[in-house]
Amino acid sequence: GEDVEQSLFLSVREGDSSVINCTYTDSSSTYLYWYKQEPGAGLQLLTYIFSNMDMKQDQRLTVLLNKKDKHLSLRIADTQTGDSAIYFCAESPNSNSGYALNFGKGTSLLVTP
Amino acid sequence: DTGVSQNPRHKITKRGQNVTFRCDPISEHNRLYWYRQTLGQGPEFLTYFQNEAQLEKSRLLSDRFSAERPKGSFSTLEIQRTEQGDSAMYLCASSLGSSWQTQYFGPGTRLLVL
């Protein structure tokens, strides 16, 4: 199947910006997502971007999409210790009827004081 | 709490036993999805319902797995003759047809097969 790739680990200091990167392979993807998962919990939808956009900003979160390179990034401004979690990039391939999500393996973000 | 709920939250069973999990989606969400997440991996799609109809099944869903959504509301996922490889977090998500792109996930059911 199509792969969504993410770096596995990122460590930043509190107050700095975090940038989590993702590459995907399905050029037909209509939406691309960022989900957050805290230990032992389900997934929380952070934000998503439609494939005809190149940027979306929502408070401390900025999503950049480079459709030509199939590259998605999530920037978290003023990162806090509460942002420590696993962040999943996901695509919604246009090739299936139910728009089931195709996830990467997740990036563990550690925010140190 | 009007989010997606799943029960039980944890299940420990012996190999060969059958288990059943329940998912209650957000009210009026007509789409319901099951995913499986193993340690260190992202969720993987298992199956999808629109109302009571099961419209899509992944190759991951072996013959030992069955899912139902009899009245188009809650759903159950049954695993028969469990194997150690079935140990995982089983996640349910729901979405509203008019906002299909937004899937809301439940807290998951963590299964451990001994």
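Bear in mind the structure is a predicted one, so any value in this text is a computation, not a measurement.

Student: I'd like a rundown of the environment of Thr20(B), residues and numbers included.
Tutor: Residues and elements named next belong to chain B. Secondary-structure assignment places Thr20 in strand E3 (residues 19–24). Exposure remark for Thr20: the relative accessible area of 47% places this residue in the partly exposed category. The spacing of Thr20 and Leu77 is 57 residues in sequence and 5.6 Å in space, taken between C-alpha atoms.

Student: Can you explain the state of the cysteines? Please cite residues and give values.
Tutor: Counting across every chain of the model gives 2 disulfides over all chains. Disulfide pairing places Cys22(A) opposite Cys89(A) at an S-S distance of 2.0 Å. One disulfide, between Cys22(A) and Cys89(A), carries an S-S torsion of -65° and so falls in the left-handed class. Of this pair, Cys22(A) sits in strand E3 (residues 18–24) while Cys89(A) is found in strand E9 (residues 85–92), placing the two residues 67 residues apart along the sequence. The residue that forms a disulfide with Cys23(B) is Cys92(B), at a sulfur-sulfur distance of 1.8 Å. Measuring the twist about the S-S bond at about -65°, one finds the Cys23(B)-Cys92(B) disulfide to be left-handed. Within this pair, whereas Cys23(B) is found in strand E3, its partner Cys92(B) is found in strand E9 (residues 88–95), the two being separated by 69 residues in sequence. Take Cys23(B): its relative accessible area is 0%, and that puts it in the buried class.

Student: Residues and numbers for the interface of chain B and chain A, please.
Tutor: The interface of chain B with chain A comprises 21 residues on the first partner and 22 residues on the second. Buried area between chain B and chain A, both sides added, is near 1,700 Å², and the carbon and sulfur share of it is 55%. Considering only the side of chain B, the residues that lose the most area to chain A are Trp100(B), Gln101(B) and Phe105(B), jointly responsible for 30% of the buried surface there. Taken together, the connections running from chain B to chain A amount to 0 salt bridges. Where chain B meets chain A, there are 3 residue pairs in polar contact (both at pLDDT 80 or more). Considering every element that reaches the side of chain B that touches chain A, the biggest residue donor is strand E4 (residues 31–37) of chain B, with 4 residues. Taken together, the residues of the side of chain B that touches chain A break down into 10 nonpolar, 8 polar and 3 charged.

Student: Can you tell me about the confidence of the model for chain B, naming the residues and giving the values?
Tutor: On average, residues of chain B score 92 in pLDDT, and 99% of them are at 70 or above. Per-residue pLDDT, averaged within each element of chain B, yields its smallest value for strand E6 (residues 53–57) of chain B (88) and its largest for E3(B) (98).

Student: Account for the sheet that holds strand E1 (residues 4–6) of chain A, naming residues and giving values.
Tutor: Residue and element names in this part refer to chain A. Strand order in the open sheet formed by 5 strands is E1-E3-E8-E7-E6, with antiparallel pairing between adjacent strands. Of all the strands in the sheet, the pair left with one neighbour each is E1 and strand E6 (55–58). On average, each strand axis in the sheet is inclined to that of its neighbour by 15°, with strand direction left out of account. Judged from the 3 bridges that link them, E1 and E3 form a sheet pairing that is antiparallel. Within E3, the position partnered with Glu5 by the bridge is Thr23.

Student: If you had to explain the pairing of strand E11 (residues 109–113) of chain B to someone new, which residues and values would you point to?
Tutor: Residue and element names in this part refer to chain B. Of the two faces of E11, only the one carrying Thr109, Leu111 and Val113 is buried; Arg110 and Leu112 on the other face are not. One ladder, built from 4 bridges, connects strand E2 (residues 10–13) with E11; its direction is parallel. What sits directly across from His10, in E11, is Arg110. The pairing of E9 with E11 spans 3 bridges and is classified as antiparallel. Opposite Ala88, over in E11, you have Leu111 as the bridge partner.

Student: Can you tell me about the environment of Thr102(B), naming the residues and giving the values?
Tutor: Looking at the secondary structure, you find Thr102(B) in the loop between E9 and strand E10 (104–105). Between the C-alpha atom of Thr102(B) and that of Ile79(B), which follows or precedes it by 23 residues, the distance is 27 Å. The residues contacting Thr102(B), other than those within four sequence positions of it, are Leu45(A), Tyr48(A), Ser94(B) and Ser95(B).

Conventions and cut-offs
- Residues numbered from 1 in each chain as written.
- Chains lettered and ligands numbered in written order.
- Predicted model: local features only at pLDDT ≥ 70, side-chain atom pairs only at ≥ 80, totals over all residues.
- Heavy atoms only, no water.
- Helix = DSSP H or I, 4+ residues; strand = E, 2+ residues; numbered from the N terminus.
- Buried < 20%, exposed > 50% of the residue type's maximum accessible area, 1.4 Å probe, protein only.
- Disulfide = S-S within 2.5 Å.
- Contact = heavy atoms within 4.5 Å.
- Buried area = accessible area lost by both parts, 1.4 Å probe.
- Salt bridge = Lys/Arg side-chain N within 4 Å of Asp/Glu carboxyl O.
- Polar contact = N/O pair within 3.5 Å; in protein donor to acceptor, adjacent residues only side chain to side chain.
- Nonpolar A, V, L, I, M, F, W, Y, C, P; charged D, E, K, R; others polar.
- pLDDT = per-residue confidence, 0-100.
- Pairing = 2+ DSSP bridges.
- Axes fitted to C-alpha atoms, helices over the stretch in contact; angles between N-to-C directions.

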